[in-house]
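Given next are the chains, with one letter for each unit.
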Amino acid sequence: MRFICRNSSYARMAEFTLRRLEQGHARIRNVPIAVTPEGFWCCPSPAAIQKTLKNQNLQDRHRTTSPLHSKASSLQRPSLPPVDKRSVSTSLRSRLISDEQRCPNSGTATPVSSKAPERPQKLNVETQQRKISVGFGQLETSDLKVTLHGKGGPSVRMSVHKNILAEHSSFFADKLSGLSPAPQIEMADCEDVEIFVETVGLMYCKEIKHRLIKQSVSRVLRILKVAEMLGFQACIKSSLDYLEAAPWIGEEEDDVVSSVRRLQDDNYGISPILNRVASDLSNQPNDTLSHIMELVLESTEDRGRREMKSLVLKLLKEINLKTNGTIEICTESLYSSCRRCLESLLNLFRQASEPGFSDRSLESKDPVVRQITLEADNLIWLLEILVDRNAADEFTLMWASQNELAELHTKVPTMSRHLVSCITCRLFVGIGNGEMLPLKETRKLLLHVWLQPLIDDYSWLQHGSRSFDRKVVEEGIGRTILTLSLEDQQSILLSWLGCFLKASDNCPNLQRAFEVWWRRTFIRPYVEQHGNSLQSGKA
């Protein structure tokens, strides 16, 4: 196949001819050639070459077995100029335009085919070896042949110029230092033949960075790897300039960082690239985290604070999961925020419990009610972060010690205070699930101070809170009660029984905990005593 690129400004043409060697014959094959918008010719990928050659082989077999069909098919094709067989048997060669011959816009590609002699019936393995010839610059002045043998793929022979390769590549400069006047370089087991050929082609370009524009990050990383192996300094610099400016995230980020860190020479300027994913600031990450949390806690816009709370909580969990807790984020800043929120919440409850507050105008009450909701929501969010970091025991003690807040709780309208009871629910669920391990005195104090306010708000929580899970909360309360001494269990459960018998639907159902306490109180002593008597009788 022959491709011709016409340049109106230079009135020159560059052609690319691709053929395949066979036993005693040379046949023209249709192989896909990629052409960039700037007119830069790229070597076809090995997969595309193999696929095309396989399709050609199938077509040849079909022509041999079905001559009539082949003849009919040939009549449907448009007539093309014939090619002299003597020109077909000449040596394989192709041309890629140099930087001076390159077209600013890709020209039209005109395929030329000819009738080739019949293919032999059997070919041995050696004659089936595919080879591709690629030429750079002025082919007439080419004085070096470089043959690349891919792993399991076709071989590529490049017609190049010694002075170009020696000037741009330290690898080729060393190779050419002791070669004969008619040199040929063989390179076996080439990992990436396609990119190797393209990288050599970049040695003929004046502006390498312009050739990398619109390329994918993964392809530029492949070019960088080959350029590093060849010692192609200009290409390495241009590739790093591309990576510094191009966006890359996700898996690309890991590939870029690992590839760039292989280049230890500071002259390459890898610091601007690595600074995108690493910082030298000494106040990371605690000061930045504290600042982010303060911004979220002080926000009054519902959607923004809700989405950012969810995002920050997810990211903090990711840190804890991927680092196995080895990165210690200071919990003191978290507890400092908790104390500020608790102090603010107590002051708001004092205002809302003042005589005559309910008689105020809606414009006067709304700011206080809304701020109570925001502070309670902030405390729930901070508690979730502390639970995830296994550092919520101190919060349990702080909450259990809020006697004044619990006393004011009954004086504030249920609609305004019910979110505060959600904090108590979360603590009971955490203790019941073993997410926090506060002392026995703390657990007892928590039940003594906050269980009754929770029961008072239970009806509103069931019908007014979407995130409320009754079964989970009741299981957590019951398990928390059962962690106390048997006497404390009896005192709390008998008090609960009086409330449950008066308003079962508006009271937590702690029957499972009641059953456990019952068996511990009435059945276990008998079983243990009866078992001991049996053992003494046997003795």
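Looking at an unreviewed UniProt entry, the protein carries the name BTB domain-containing protein, with the source organism given as Ensete ventricosum. Comment text from UniProt for the protein, heading Pathway (unreviewed entry), reads "Protein modification; protein ubiquitination." You can read under Function (unreviewed entry) in the UniProt record for the protein the words "May act as a substrate-specific adapter of an E3 ubiquitin-protein ligase complex (CUL3-RBX1-BTB) which mediates the ubiquitination and subsequent proteasomal degradation of target proteins."

Looking at the overall build of the protein
In terms of regular secondary structure, the protein is built from 23 helices and ten strands. The buried share of the protein, reckoned over its 539 residues, is 42%. Of the contacts made within the protein by residues no fewer than 6 positions apart, 72% connect residues no fewer than 24 positions apart. Counting only carbon and sulfur atoms, one obtains 52% of the accessible surface of the protein, whose full area is about 30,400 Å².

Some thoughts on the sheet that holds strand β10 (residues 184-190)
One open sheet holds the four strands; their spatial order is β7-β9-β8-β10, and the pairing between them is mixed. The strands lining the two open edges of the sheet, one partner per strand, are β7 (131-135) and β10. Here the strands of the sheet are splayed against their neighbours by 20 degrees on average, with no regard to which way each runs. Of the strand pairs in this sheet, strand β8 (residues 144-150) and β10 are connected by five bridges, and their pairing is parallel. Considered in β10, the bridge of Gly150 is made with Cys190. Set on the sheet, helix α6 (residues 193-202) makes contact with β7, β8, β9 (155-160) and β10; between it and β9 the angle comes to about 5 degrees.

Some points on the pattern of salt bridges
Summed over all chains, the structure comprises 24 salt bridges. In this structure, Asp302 engages Arg370 in a salt bridge whose closest nitrogen and oxygen atoms are separated by 3.1 Å. One end of the pair, Asp302, is in helix α13 (residues 302-322); the other, Arg370, is in helix α15 (residues 362-388), and 68 residues separate them in sequence. The exposure class assigned to Arg370 is partly exposed, which follows from its relative accessible area of 34%. Each of the salt bridges in this network shares a partner with another, and the network as a whole consists of Asp192, Glu194, Glu198, Arg219 and Arg222.

Concerning the pairing of β8
In terms of residue burial, β8 counts as a mostly covered element, since five of its seven residues are buried. Two elements, β8 and β9, share six bridges in a ladder whose sense is antiparallel. Paired with Leu144 across the strands is Val160, a residue of β9. Where β8 folds back onto β9 in an antiparallel hairpin, the turn is made up of four residues, including Gly152, whose phi is positive at roughly 75 degrees.

A short note on the environment of Phe395
Looking at where Phe395 falls in the secondary structure, it is placed in helix α16 (residues 393-400). The sequence separation of Phe395 and Cys338 amounts to 57 residues, and the corresponding C-alpha distance is 8.1 Å. Once residues within four sequence positions are removed from consideration, Phe395 is found in contact with Tyr335, Cys338, Leu379, Leu383, Leu386, Ile423 and Leu427.

Some words on helix α14 (residues 332-352)
End to end, α14 covers 30 Å across 21 residues, agreeing with the expected 30 Å (1.5 Å per residue, within 8%). Inspection of α14 places Leu334, Tyr335, Ser337, Cys338, Cys341, Leu342, Leu345, Leu346, Leu348, Phe349 and Ala352 among the buried residues, and these make up the whole buried set.

Regarding a nonpolar patch on the surface
Taken together, Trp518, Phe522, Ile523, Tyr526 and Val527 make up a surface patch of nonpolar side chains, about 540 Å² in accessible area. Within the fold, Trp518 resides in helix α23 (residues 511-538).

Description of the side chain of Arg305
With respect to the helices and strands, Arg305 occurs in helix α13. On the basis of relative accessibility, which here comes to 4%, the residue Arg305 falls in the buried class. A distance of 2.6 Å separates a polar side-chain atom of Arg305 from the backbone oxygen of Ser299. If we skip the residues at most four places from it in the chain, Arg305 touches Val296, Leu297, Ser299, Thr300, Leu374, Asp377 and Asn378.

Examining the confidence of the model for the protein
In the predicted model, the protein carries a mean pLDDT of 76, and the fraction of residues at 70 or more is 69%. Confidence over residues 1-42 falls short of pLDDT 50; this stretch has 139 contacts with residues more than four positions distant or in other chains. Within the model, the stretch residues 66-128 combines pLDDT values under 50 with 108 contacts to residues more than four positions away or in other chains.

Some thoughts on the packing of aromatic side chains
As enumerated under the stated definition, the model contains eleven aromatic pairs in all. For the ring pair Phe514 and Trp517, a centre distance of 5.3 Å and an interplane angle of 50 degrees mean the geometry is tilted. With a gap of three residues between them, Phe514 and Trp517 both fall in helix α23, about one helical turn apart. Judged by relative accessible area, Trp517 falls into the buried class, the value being 5%. Relative to Phe522, the ring of Trp518 lies with its centre 4.5 Å away and its plane at 50 degrees, an arrangement referred to as tilted.

Topic: the pairing of β7
When you tally the buried positions in β7, you get four out of five residues, the bulk of the element. Alignment of β7 against β9, held across five bridges, turns out to be parallel. Of the residues in β9, the one forming a bridge with Gly135 is Ser159.

Side note on the side chain of Thr147
Structurally, the position occupied by Thr147 is in strand β8. Overall, the relative accessible area of 5% leaves Thr147 in the buried class.

A look at the nonpolar core
In this structure, Trp381, Phe395 and Trp399 are the most contacted members of the largest nonpolar core, which totals 73 residues. Take this core: its biggest share by element is eleven residues, from α15. Of all hydrophobic cores here, the second largest spans 51 residues; its members include Val160, Val197, Val226 and Leu240.

With respect to unusual backbone geometry
For residues other than glycine, phi is negative in most cases, and the peptide bonds are mostly trans. Positive phi outside glycine occurs at Lys214, with the angle close to 70 degrees. Mapped onto the elements, Lys214 comes out in the loop between α7 (208-212) and α8 (217-230). For Asn390, which is not a glycine, the phi torsion comes out positive at approximately 55 degrees. Relative to the helices and strands, Asn390 is located in the loop between α15 and α16. Classification of Asn390 as exposed rests on a relative accessible area of 65%.

About the cut-offs
Residues numbered from 1 in each chain as written. Predicted model: local features only at pLDDT ≥ 70, side-chain atom pairs only at ≥ 80, totals over all residues. Heavy atoms only, no water. UniProt positions renumbered as here; feature names shortened; annotations may be inferred. Helix = DSSP H or I, 4+ residues; strand = E, 2+ residues; numbered from the N terminus. Buried < 20%, exposed > 50% of the residue type's maximum accessible area, 1.4 Å probe, protein only. Contact = heavy atoms within 4.5 Å. Areas by Shrake-Rupley, 256 points an atom, 1.4 Å probe, with all protein chains shown as cover. Pairing = 2+ DSSP bridges. Axes fitted to C-alpha atoms, helices over the stretch in contact; angles between N-to-C directions. Salt bridge = Lys/Arg side-chain N within 4 Å of Asp/Glu carboxyl O. Expected span 1.5 Å × (residues − 1). Patch = residues over 30% accessible without salt bridge, like charges linked within 9 Å, V, L, I, M, F, W, Y side chains within 5 Å. Polar contact = N/O pair within 3.5 Å; in protein donor to acceptor, adjacent residues only side chain to side chain. pLDDT = per-residue confidence, 0-100. Phe/Tyr/Trp six-rings, centres within 6.5 Å; stacked < 30°, edge-to-face > 60°. Core = buried A, V, L, I, M, F, W, Y, C linked by side-chain atoms within 4.5 Å.

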